Amino acid sequence: MNAKLAEIVKYAHNPISEYDLLVEKLIKQGKEIIKLNQGDPAIFFKTPKHIIEAYKRALDEGHTNYSSIEGVSELRNKIKERYHNLYNLDFDEERVIITNGVSEAIMFLNNAYINKNDNVLILSPFYPIYIPFAKMRGARIIFDKYEEINDEWTINTERIEKIAKNKKIKYMVLINPNNPTGAVLSEDKLDEIARIAKKNNILLISDEIYDEIVYNGAKFHSISEFVDDQPYIIFNGFSKDYDATGFRLGYAIFPNKDSLSNKLLDAFIKLASLRISSNTPAQYAMAYALDDEKEHKNEIYKMRKEIEKRTNFLTEGINGIRGMHAVRPRGAFYIFASIDKKVFKVKDDKDFVYKLLIKKSLYLSPGSGFGMKDYVRFVSLAPQEILEKAINLLNEFEKGA
Ligand SMILES: Cc1ncc(COP(=O)(O)O)c(C=O)c1O
């Protein structure tokens, strides 16, 4: 028996679950762990009732078979309506493909478009799984950084333009609203990025999975409001805005009909045919649920308000701790905080997360996994009393208690 695994397995690493095995062990030993590592709203906010009812209806109606490869027409139509209503973007239903979460769309993107040594441009900090899927295809990843300016995370379009001019980039990813910084990009920045991508023949990927979760005065704009007749793909899904992570439903939209967009859409469908279909009852459930726009507006309003409150509370708490600093997020439900290694007497961010978990039973994610060392990521979804406990634990940790 040859026990040598495929080379690419070494890239399959998700820093968000870095210490999951250890956490399980600690829980078995009777420890109570506060987990602020995973961005799963359905743990802290119940999935809305109208969505649960819609899932039951889908099952009662017998939608338990495989669906078509690209997804059921009922849902693709609703997605088309959603983008029309929210962003005035119009496209044919055939330009949408339903995926098993945005995660699968990220895999399709790389399998469809990346060959060995192709350059891709990713901005740090990033949502971690963009990296392994690109690396598995042998991509060279070029990084640029978000910067903290005037207590806001933002991108440097001048530098991005230089990179785009000097390197042949195949695709560039924008995550807006951003995980893990909570940044929401301005109209100007989006406009510049769309222009840079067009000028330099870069496929633009806009991950808009948190589009309805913006607060603290921010306004979200879809990249579709700024692009021209250029190839771009929108990734979105039902995990966050619809609080239905376990449904595993996402989608990719190819709004323009240029030749690259057409080829990519075709390639996504071919790749999707290998996994037959995405979750059929979940697709019908979301199609039914999207019919009830009023209920969704009501639910997302409540969730957004609560997330704003919790995120601001936790950010303030973090900024009250010696050796930590965090910019106030304006979207999604994460806080990306810097740590002073000397103050906390740790080697690096991984050491910080490990020691905090062992000593204080608080579980965060190390910033290096998101492309920035000496930071940690907090998920701000837990109720205030849990966040308060987390802040107290961090204060004790800083004091060496
Ligand atoms: C920016 C971003 N993209 C994609 C995903 C994956 O989402 P899903 O596969 O649940 O649709 C996440 C999940 O946290 C995310 O934060």
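What counts and how
Residues numbered from 1 in each chain as written. Predicted model: local features only at pLDDT ≥ 70, side-chain atom pairs only at ≥ 80, totals over all residues. Helix = DSSP H or I, 4+ residues; strand = E, 2+ residues; numbered from the N terminus. Rg over C-alpha atoms; globule rule 2.2 N^0.38 Å. Buried ≥ 20, exposed ≤ 12 C-beta atoms within 10 Å, placed from the backbone. Domains from an automatic or database assignment. Contact = placed C-beta atoms within 7 Å. Nonpolar A, V, L, I, M, F, W, Y, C, P; charged D, E, K, R; others polar. Pairing = 2+ DSSP bridges. Axes fitted to C-alpha atoms, helices over the stretch in contact; angles between N-to-C directions. Near = placed C-beta within 6 Å.

## A closer look at the overall build of the protein
Right, so step 1: Helix and strand content of the protein: 14 helices and 15 strands.
Right, so step 2: Here the C-alpha atoms of the protein give a radius of gyration of 21 Å, agreeing with the 21 Å that 2.2 N^0.38 yields for 401 residues.
Right, so step 3: In the protein, which comprises 401 residues, the proportion classed as buried is 47%.

## Describing the domain arrangement of the protein
Interfaces are often described in size by the accessible area the parts lose on coming together.
Right, so step 1: Each assigned domain of the protein is listed with its residue range as follows: domain 1 (7-46 + 296-398) and domain 2 (63-292).
Right, so step 2: Each of domain 1 and domain 2 has a C-alpha centre, and these two points are 25 Å apart.
Right, so step 3: The interface of domain 1 with domain 2 comprises 34 residues on the first partner and 36 residues on the second.
Right, so step 4: Those elements giving two or more residues to the side of domain 1 that touches domain 2 turn out to be helix H2 (41-44), helix H11 (293-319) and strand E12 (334-339).
Right, so step 5: Top contributing element to the side of domain 1 that touches domain 2 by residue count: H11, with six residues.
Right, so step 6: Here the residues of the side of domain 1 that touches domain 2 sort into 20 nonpolar, eight polar and six charged.

## A word on the sheet that holds strand E7 (residues 169-175)
Right, so step 1: The strand order across the open sheet formed by seven strands is E2-E10-E9-E8-E7-E3-E4, and the pairing between neighbours is mixed. The open sheet has two edge strands with one neighbour each: strand E2 (96-99) and strand E4 (140-145). Taken over all neighbouring pairs, the strand axes of this sheet differ in orientation by 20 degrees on average, direction set aside.
Right, so step 2: Sheet analysis places strand E9 (residues 232-237) next to strand E10 (residues 250-253), joined by four bridges and oriented antiparallel. Directly across from Phe235, in E10, lies its bridge partner Ala252.
Right, so step 3: Together, E2, strand E8 (203-207), E9 and E10 form the strand contacts of helix H9 (residues 259-273), whose direction differs from that of E2 by roughly 30 degrees.

## Considerations on the site of the ligand
Right, so step 1: Taken together, 13 residues surround the ligand, and among them Gly101, Val102, Ser103, Asn179 and Ser239 come closest.
Right, so step 2: Take the shell around the ligand: its biggest share by element is three residues, from helix H5 (residues 101-113).
Right, so step 3: Partitioned by chemical class, the residues of the shell around the ligand number four nonpolar, eight polar and one charged.

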